[in-house]
Amino acid sequence: MVNPRFIYSDRFLDHRCRQFHFERPERLTTICQHLRTAFPNAVWREPTPVSEGLRCWLEQIHSPLYLQQLADIAAAGGGWLDADTYLNEHSYDVALLAVQAWLDGVNDTCEAQSPVFVLTRPPGHHALRERGMGFCLLANAAIAAHYGLSVAGIERVAILDWDVHHGNGTQALVQHHPQIAYCSLHESPAYPYTGAESDRGCHGNVLNLPMAAGATGATYQLAFRERVIPFLQEFEPDLLILSAGYDAHRDDPLSGIDLDDTDYGWMIGQCLQITHRIVVGLEGGYNLDALGRSVVATVQAIAH
């Protein structure tokens with residue numbers, strides 16, 4: 001058994017809404033409790049401190065005006081970007097650290113040639129160039145994919161998004177780049193009402209697989225065997241970034257998909273057939289116990 005590796009900071013708990021919100025710090029504390037029990041010998045590390053060098057990667061994806069808007073809202077004590085997406089006084093700094101953690105994940109997995117799990121919040125796959133939405137502030141996966149292409153030996157990067165919601169932000173921010181592929185399995189119709197199967201990107205580099213409410217693990221397994229794995233194999237990525245949302249679990253309050261804990265272990269096992277250079281980054285998942293169990297199932301498949 002391989003000792004799993006995690007990138008995490010308690011600072012990710014500082015992004016907190018003043019009223020009940022599904023995207024809350026307890027998501028991470030629950031995951032960490034489950035992981036420390038299941039993997040007592042795991043390797044934990046803090047993200048690299050944020051430096052001015054992060055700015056160039058942020059500005060490849062987000063406009064300077066949007067970044068300043070986030071900084072200003074936080075400096076004023078917080079506020080709302082839309083009805084779902086909040087900031088407090090710490091949120092912008094926490095979001096910057098989350099991006100840095102995903103970039104660290106790229107470096108770590110390329111160096112070790114094995115997966116690393118990046119445990120961050122807020123999530124990112126709905127964030128657009130000039131707009132945060134759907135609980136997301138900065139586009140972690142899209143930024144990490146562009147960064148990955150700067151690493152020696154990385155010519156092609158694929159993003160696999162199994163969050164129950166389509167990663168509209170990620171797709172919009174990578175689909176014009178022929179060296180980045182994006183694949184999403186998501187409930188449809190559901191927020192954000194994007195991700196049509198007919199949408200193949202600018203270079204045939206997008207695969208959207210809408211799933212009807214009630215879809216089971218068997219449905220996902222068929223989609224993996226017939227569509228996801230062939231798509232990734234044909235693209236031949238040197239690095240795989242996994243937008244790992246766990247809200248397709250049958251116990252999750254925000255979806256109608258019927259996955260269980262073991263389905264996540266099965267899916268990551270399929271990914272390992274493509275490459276062992278995998279950055280697993282947390283997106284959604286809002287039933288705390290199901291979230292913790294499902295992350296453990298993912299890591300167990302990696303560790304074995």
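Preceding block: the structure.
A brief structural summary. Here the structure is a predicted model, which means the values were calculated and not measured.

A few words on the nonpolar core. Nonpolar side chains in soluble globular proteins tend to be buried together. Among the nonpolar cores identified, the biggest contains 101 residues, and L138 and I241 are the most heavily contacted of them. Broken down by element, the residue count for this core peaks at 12 residues, all from helix α4 (residues 91-112). Excluding residues that lie within four positions of it along the chain, L138 makes contacts with L58, H62, Y66, L67, L70, A95, L96, V99, P123, G124 and A127.

In this fold, D261 is placed in helix α8 (residues 261-271). According to the relative accessible area criterion, D261 is buried, its value standing at 18%. A polar atom in the side chain of D261 sits 2.7 Å from the side chain of R293. Apart from residues no more than four positions distant in its own chain, D261 is found in contact with H249, R293, S294 and A297.

The next thing to look at is the pairing of strand β9 (residues 239-244). Of all 6 residues that make up β9, 6 are buried, and the element is covered over most of its length. With 5 bridges joining them, β9 and strand β10 (residues 278-282) adopt parallel strand pairing. What sits directly across from S243, in β10, is G281. Regarding the hand of the β-α-β motif, the stretch spanning β9, α8 and β10 is right-handed.

We now examine unusual backbone geometry. The linkage connecting R121 with the following residue, P122, adopts the cis geometry, with an omega of 5 degrees. Mapped onto the elements, P122 comes out in the loop between β5 (116-118) and α5 (140-148). Residue S188 is joined to P189 through a cis peptide bond whose omega torsion reads 0 degrees. Within the element layout of this structure, P189 appears in the loop between β7 (180-187) and β8 (206-211). Phi is positive for F135, which is not a glycine, with a value near 80 degrees. Mapped onto the fold, F135 is located in the loop between β5 and α5. Take F135: its relative accessible area is 13%, and that puts it in the buried class. Phi angles above zero are rare outside glycine, and Y193 is one such case at about 65 degrees. Structurally, the position occupied by Y193 is in the loop between β7 and β8. Residue classification places Y193 among the exposed positions, given a relative accessible area of 63%.

Moving on to the sheet that holds strand β1 (residues 5-7). One open sheet accounts for 8 strands, arranged β2-β1-β5-β10-β9-β6-β7-β8; its pairing is parallel. Here the strands that pair on one side only, and so sit at the sheet edges, are β2 (43-45) and β8. Sheet twist, expressed as the average angle between the axes of neighbouring strands with direction ignored, equals 15 degrees. Two strands pair when backbone bridges link them, and β1 and β5 are joined in this way by 2 bridges, in the parallel orientation. Bridge pairing in β5 links I7 to V118.

What counts, and at which threshold
Residues numbered from 1 in each chain as written. Predicted model: local features only at pLDDT ≥ 70, side-chain atom pairs only at ≥ 80, totals over all residues. Heavy atoms only, no water. Core = buried A, V, L, I, M, F, W, Y, C linked by side-chain atoms within 4.5 Å. Buried < 20%, exposed > 50% of the residue type's maximum accessible area, 1.4 Å probe, protein only. Helix = DSSP H or I, 4+ residues; strand = E, 2+ residues; numbered from the N terminus. Contact = heavy atoms within 4.5 Å. Polar contact = N/O pair within 3.5 Å; in protein donor to acceptor, adjacent residues only side chain to side chain. Pairing = 2+ DSSP bridges. Right-handed = clockwise from strand over helix to strand, strands pointing away. Axes fitted to C-alpha atoms, helices over the stretch in contact; angles between N-to-C directions.

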